[in-house]
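# Architecture at a glance
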Amino acid sequence: MAQWLVKEEPDHYSYHQLEHDGKTVWAGVKNPLAQKHLRSIRKGDRIFYYHTGNQKAVVGVAEAAGDAYPDPKDQSGKLYVVDVVPVDALARPVTLAEIKADGRFADFPLVRISRLSVMPVSKTEWSRIEKMSRD
């Protein structure tokens, strides 16, 4: 099982909205590297939900409800989507500033490639963020 982080503007689709809806199709990813990561998402993979914009924080945990699949709305056949379900909100949001202040995250794509909207999260990074949310 892999871990991922996906980003979304909370005014567009917040984690609270995902909890309310119970499931969503994660679509609209156009960046080639983000698409490569999205295509790798498999059923059961854990996903950190990150709010962009003014909040800039990891706010919740979601899960892939199935494997990524071709976007039925994309006529080019190049884009993929994945169904995502909420698991739980973090005890408290973990801000980008907190993550950047911890040198152990120096290689984390959220720090290195800030505009990437779908990225892998190592087991160590996942554990650190979960711990930070409880501190």
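Residues numbered from 1 in each chain as written. Predicted model: local features only at pLDDT ≥ 70, side-chain atom pairs only at ≥ 80, totals over all residues. Heavy atoms only, no water.

Let us now look at helix α6 (residues 123–134). Under the 1.5 Å per step criterion, the end-to-end length of α6 is 17 Å for twelve residues, consistent within 8% with the ideal 16 Å. Buried within α6 are the following residues: E125, W126, I129, M132 and S133. Taken down its axis, α6 places every buried residue within 130° of arc, on the same side. Away from its buried face by more than 90 degrees, α6 exposes K123 and R134. Buried positions along α6 lie against β1 (3–8), β3 (46–51), β4 (57–64), β6 (80–95), α4 (96–101) and β7 (118–120). (Helix = DSSP H or I, 4+ residues; strand = E, 2+ residues; numbered from the N terminus. Expected span 1.5 Å × (residues − 1). Buried < 20%, exposed > 50% of the residue type's maximum accessible area, 1.4 Å probe, protein only. Arc of directions from axis to C-beta. Contact = heavy atoms within 4.5 Å.)

Approximately 280 Å³ is the volume found for the largest pocket. Around the largest pocket sit K7, E8, E9, W26, A27, G28, V29, T52, G53, S114, R115 and S117, which together line it. (1 Å grid on protein atoms, 1.4 Å probe; cavity = no way out; pocket = protein on both sides within 12 Å on 5 of 7 lines; lining within 4 Å. Points joined across faces, edges and corners; volume = space filled by probe spheres on them.)

Before going further, it helps to examine the packing of aromatic side chains. Tallying each qualifying case throughout the model produces four aromatic pairs. For the pair Y15 and Y49, a centre-to-centre distance of 5.4 Å together with 70° between the ring planes defines the contact as edge-to-face. Of this pair, Y15 sits in helix α2 (residues 15–21) while Y49 is found in strand β3, placing the two residues 34 residues apart along the sequence. With a relative accessible area of 0%, Y49 lands in the buried category. Measuring from centroid to centroid gives 5.7 Å for F105 and F108, while their planes differ by 45°, and the two rings are tilted. The same class applies to F105 as to F108, namely buried. Three or more aromatic residues joined by ring pairs form one cluster here, namely Y15, W26 and Y49. Taking NZ or CZ as reference, R128 lies 5.8 Å from the ring centre of F105, over its face. (Phe/Tyr/Trp six-rings, centres within 6.5 Å; stacked < 30°, edge-to-face > 60°. Lys NZ or Arg CZ within 6 Å of the ring centre and 35° of its normal.)

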